[in-house]
Amino acid sequence: RQMCIRDSNNIGVLYSKLRNYQKALEFYKRSLINLEKVEEQDFKDDLLINIGLCYNHLKEYDLARNYILDGLSFCGSDCEQIQTIEGNWGIGVSY
């Protein structure tokens, strides 16, 4: 199950890099739903931030900000540097 969740996330990353943000959201959200079903918290912060960044590209700034803030609060003081940088950049863009 964990492998399928990561696979969905990775496919979301690929679609995001191809600038197909709607399709990326589809895979990120599928991964998030499955993560919650198995009560796993592994990389949930990354998923939330990635979803928020996609919403930024789609100009849905309120949604973007909410997802990014959720992701950053989820990892708290344990955020990796890249998460903090991407998250803060995304929040700035959303305003």
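Refer to the structure above for everything that follows.
Please read all numbers here as calculations on a predicted model, not as lab measurements.

What counts and how
- Residues numbered from 1 in each chain as written.
- Predicted model: local features only at pLDDT ≥ 70, side-chain atom pairs only at ≥ 80, totals over all residues.
- Heavy atoms only, no water.
- Helix = DSSP H or I, 4+ residues; strand = E, 2+ residues; numbered from the N terminus.
- Buried < 20%, exposed > 50% of the residue type's maximum accessible area, 1.4 Å probe, protein only.
- Salt bridge = Lys/Arg side-chain N within 4 Å of Asp/Glu carboxyl O.
- Core = buried A, V, L, I, M, F, W, Y, C linked by side-chain atoms within 4.5 Å.
- Contact = heavy atoms within 4.5 Å.
- Phe/Tyr/Trp six-rings, centres within 6.5 Å; stacked < 30°, edge-to-face > 60°.

Engineer: Can you lay out unusual backbone geometry for me, pointing to particular residues and giving the numbers?
Structural biologist: Phi at R19 takes a positive value of approximately 65°, unusual for a residue other than glycine. Tracing the backbone through its elements, the reader meets R19 in the loop between α1 (2-17) and α2 (21-37). Since its relative accessible area comes to 66%, R19 is described here as exposed. Even without glycine at this site, K59 takes up a positive phi of about 65°. Mapped onto the fold, K59 is located in the loop between α3 (44-57) and α4 (61-75).

Engineer: Report on the pattern of salt bridges, specifying residues and quantitative values.
Structural biologist: What the rule picks out here adds up to 4 salt bridges. Among the salt bridges present, the one from K23 reaches E26, with a minimum N-O distance of 3.6 Å. You can see K23 and its partner E26 sitting in helix α2, 3 residues apart, about one turn around the helix. A relative accessible area of 35% means that E26 is categorised as partly exposed. Within this structure, K23, E26 and R30 form a network of salt bridges that share partners.

Engineer: For the nonpolar core, give the residues involved together with the corresponding values.
Structural biologist: Core analysis: the largest hydrophobic core is formed by 15 residues, its most contacted members being Y28, L47, I51, C54 and Y55. Within the residue set of this core, elements represented by two or more residues are α2, α3 and α4. The element best represented in this core is α2, accounting for 6 residues. Those residues in contact with Y55, other than ones at most four positions away along the chain, are L25, K29, E60, L63, A64 and Y67. Listed in part, the 7 residues of the second largest apolar core include I49, L72, C75 and C79.

Engineer: Could you give me a rundown of the packing of aromatic side chains, with the residues and numbers involved?
Structural biologist: Using the criterion set out here, one finds 2 aromatic pairs in the structure. Here the aromatic rings of Y15 and F27 are separated by 5.7 Å at their centres, their planes lie at 15°, and the arrangement is stacked. One end of the pair, Y15, is in helix α1; the other, F27, is in helix α2, with 12 residues separating them in the sequence. Since its relative accessible area comes to 11%, F27 is described here as buried.

Engineer: Explain the environment of H57 to me, and be specific about the residues and the numbers.
Structural biologist: Within the element layout of this structure, H57 appears in helix α3. Overall, H57 belongs to the partly exposed group, its relative accessible area being 40%. Sequence spacing of H57 and G71 is 14 residues, and the spatial spacing of their C-alpha atoms is 17 Å.

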